[in-house]
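# Structural characterization, general
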Amino acid sequence: MGAYADRRNGCRRWHEAGNEHVPPTDVRIVTSDGQSIPAHSTVLASSSSVLERMLDRSRILHILGVPHDSVVAFVRLLYSSRSATSAREAKEAMERHGMALLALSHAYRVRWLKRRCEAGLAAWLSAARAMDVLKLARLCDAPRLHQRCLRLVAADFASVQESEGWRFVQKRDPALELEVLQFVQETAQRRKRWKRERVDQAMYRQLSEAMNCLQHIYTEGCTDVWPHNSRRPDNPCMSFSTCEGLQLLIRHFATCGRKLQAATKTCTHCKRMWQLFRLHSSLCDQPASCRIPLCKQIKEKMQEEKVDKTWRLLVKKVATARVMSSLANRKVPQVVHKSWMRCRGTR
């Protein structure tokens, strides 16, 4: 086995160096156009189990279905698979024969070359070639490349529809067309859902901030909001825009004559203030000692009435947003900070 490996590596080195004293070739590879490529059986057999079985039957191998230049590139890569030049050669060959090399490496089970072909085709993928590469990825059992093609199709479906590959799929492969259309639709729905969730999360964060400001106003007091005043206060409010808007809403609520009218006649600003009071009461766990107006009364009223699921879900989401916000804004203890700095200094 050691002698076999030495002979195989020697063939590779002589082939790459262009030495005139290369051992005589004992295999002939015939391509689709009738041309032949001389090769060494030791190199081919050690690179592919499929080629090894073919060599047991004949020393003339027929590799058909791809251009002659692609077969030449395939054989050269088999010779250089263990050398330092393999990466450069693979990159150059991939630019010219990437799809053919993927088909050959899959057919003859050259795993390392197949991985390089998948990575190369994924890196140079375009909307014009996406459908052609997608069909090949299905045939060659390349799931990562297949998924990469589908993502590109979904991201730029308008350009893909103008390609020859898409028109061919529409005429000849309805199953693949259906798969692509379903993926595009699912991707669009997923994007809409993510966008809606981001909007909802922003709303929950805003309500959480409003609850903190409401607590801050009625417990600590906040009548000067920096930087709107010319003089910065000693302890400025960190959420000055939300706090100032909430203060204006509170002042309006205190003087508005329509806040106690029927729900259909209550002004919009008062309705919003009622909702904020109700949301605070739902979150408050100490209504008896709470300094925010109407907290205890609203809490008792909600206990008497049946609260719907939508409101309970809103309260849960806002409570979660408050916890996440507090964790994000929490200062690192000095001891932990010093430990981190010490660990970073020792690296």
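Definitions and cut-offs
- Residues numbered from 1 in each chain as written.
- Predicted model: local features only at pLDDT ≥ 70, side-chain atom pairs only at ≥ 80, totals over all residues.
- Heavy atoms only, no water.
- Helix = DSSP H or I, 4+ residues; strand = E, 2+ residues; numbered from the N terminus.
- Buried < 20%, exposed > 50% of the residue type's maximum accessible area, 1.4 Å probe, protein only.
- Contact = heavy atoms within 4.5 Å.
- Areas by Shrake-Rupley, 256 points an atom, 1.4 Å probe, with all protein chains shown as cover.
- Patch = residues over 30% accessible without salt bridge, like charges linked within 9 Å, V, L, I, M, F, W, Y side chains within 5 Å.
- Salt bridge = Lys/Arg side-chain N within 4 Å of Asp/Glu carboxyl O.
- Core = buried A, V, L, I, M, F, W, Y, C linked by side-chain atoms within 4.5 Å.
- Pairing = 2+ DSSP bridges.
- Axes fitted to C-alpha atoms, helices over the stretch in contact; angles between N-to-C directions.
- pLDDT = per-residue confidence, 0-100.
- Parallel < 35°, antiparallel > 145°, perpendicular 65-115°, else oblique.
- Nonpolar A, V, L, I, M, F, W, Y, C, P; charged D, E, K, R; others polar.
- Expected span 1.5 Å × (residues − 1).
- Phe/Tyr/Trp six-rings, centres within 6.5 Å; stacked < 30°, edge-to-face > 60°.

### Section: the overall build of the protein
In terms of helices and strands, the protein carries 16 helices and three strands. Of all 347 residues assigned to the protein, the portion counted as buried reaches 38%. A separation threshold of at least 6 residues defines the contact pool for the protein, and within that pool the share at least 24 residues apart is 61%. When the accessible surface of the protein is totalled, it reaches about 22,300 Å², and 52% of it is carbon and sulfur.

### Description of a nonpolar patch on the surface
Together, Val323, Met324 and Leu327 make up a nonpolar patch on the protein surface, roughly 280 Å² of accessible area in all. Here Leu327 shows up in helix α15 (residues 309–329). Judged by its relative accessible area of 44%, Leu327 is partly exposed.

### Description of the nonpolar core
Across soluble globular proteins, you tend to see nonpolar side chains buried next to one another. Grouped together as the largest cluster of nonpolar side chains are 58 residues, with contacts concentrated most on Ile29, Leu44, Tyr108, Met131, Leu145 and Val180. The element best represented in this core is helix α4 (residues 68–79), accounting for seven residues. Excluding residues that lie within four positions of it along the chain, Leu44 makes contacts with Val27, Ile29, Ala39, Leu51, Leu55, Leu61 and Leu78.

### Quick notes on the sheet that holds strand β2 (residues 36–39)
Pairing in this open sheet of three strands is mixed, and the strands run β2-β1-β3 from one edge to the other. Looking at the sheet topology across the chains shown, the edges are occupied by β2 and β3 (60–62). For this sheet the average axis-to-axis angle between neighbouring strands, irrespective of direction, equals 25°. When strand β1 (residues 27–30) meets β3, the two strands line up parallel, connected through three bridges. Paired with Arg28 across the two strands is Ile60, which belongs to β3. Contacting β1 and β2, α4 runs over the sheet at an angle of about 5° to β2.

### A word on the confidence of the model for the protein
Regions with low pLDDT should not have their predicted coordinates read in detail. On average, the protein scores 82 in pLDDT, and the residues at 70 or more come to 80%. Low pLDDT, under 50, characterises residues 226–230; the predicted model gives this stretch nine contacts beyond four residues in sequence or across chains.

### As for the pairing of β1
Strand direction decides the pairing type here: β1 and β2, joined by four bridges, are antiparallel. Across the sheet, residue Val30 finds its bridge partner in β2, namely Ser36. Hairpin geometry of β1 and β2 is characterised by an intervening segment of five residues between the two adjacent antiparallel strands and by a positive phi of about 90° at Gly34.

### Describing the packing of helix α10 (residues 164–172) against helix α11 (residues 174–219)
As a packed pair, α10 and α11 sit with axes 6 Å apart at the nearest point and diverge in direction by 120°. Comparing the axis directions of α10 and α11 gives the class oblique. Contacts between α10 and α11 involve Trp166, Val169, Gln170 and Arg172 on the former and, on the latter, Pro174, Leu176, Glu177, Val180 and Leu181. In terms of residue class, the contact of α10 with α11 is made up of six nonpolar, one polar and two charged.

### A look at helix α6 (residues 111–123)
Spanning 13 residues, α6 covers 19 Å between terminal C-alpha atoms, matching the ideal 18 Å at 1.5 Å per step. Taken together, the buried positions of α6 are Trp112, Leu113, Lys114, Cys117, Glu118, Gly120, Leu121 and Ala122.

### Brief notes about the side chain of Lys135
By secondary structure assignment, the location of Lys135 is in helix α7 (residues 130–139). Excluding its chain neighbours within four sequence positions, the residues that come into contact with Lys135 are Phe168, Val169 and Leu176.

### So, the packing of aromatic side chains
All told, the structure shown has four aromatic pairs when counted by the stated rule. Summarising the aromatic geometry, the rings of Phe74 and Tyr108 are spaced 6.0 Å apart at their centres and angled 35° between planes, so their arrangement reads as tilted. In this pair, Phe74 is assigned in helix α4 and Tyr108 in the loop between α5 (86–107) and α6, connecting sequence segments 34 residues apart. Both rings, one in Phe253 and one in Trp274, keep their centres 5.3 Å apart while their planes meet at 85°; by these two values the pair is edge-to-face.

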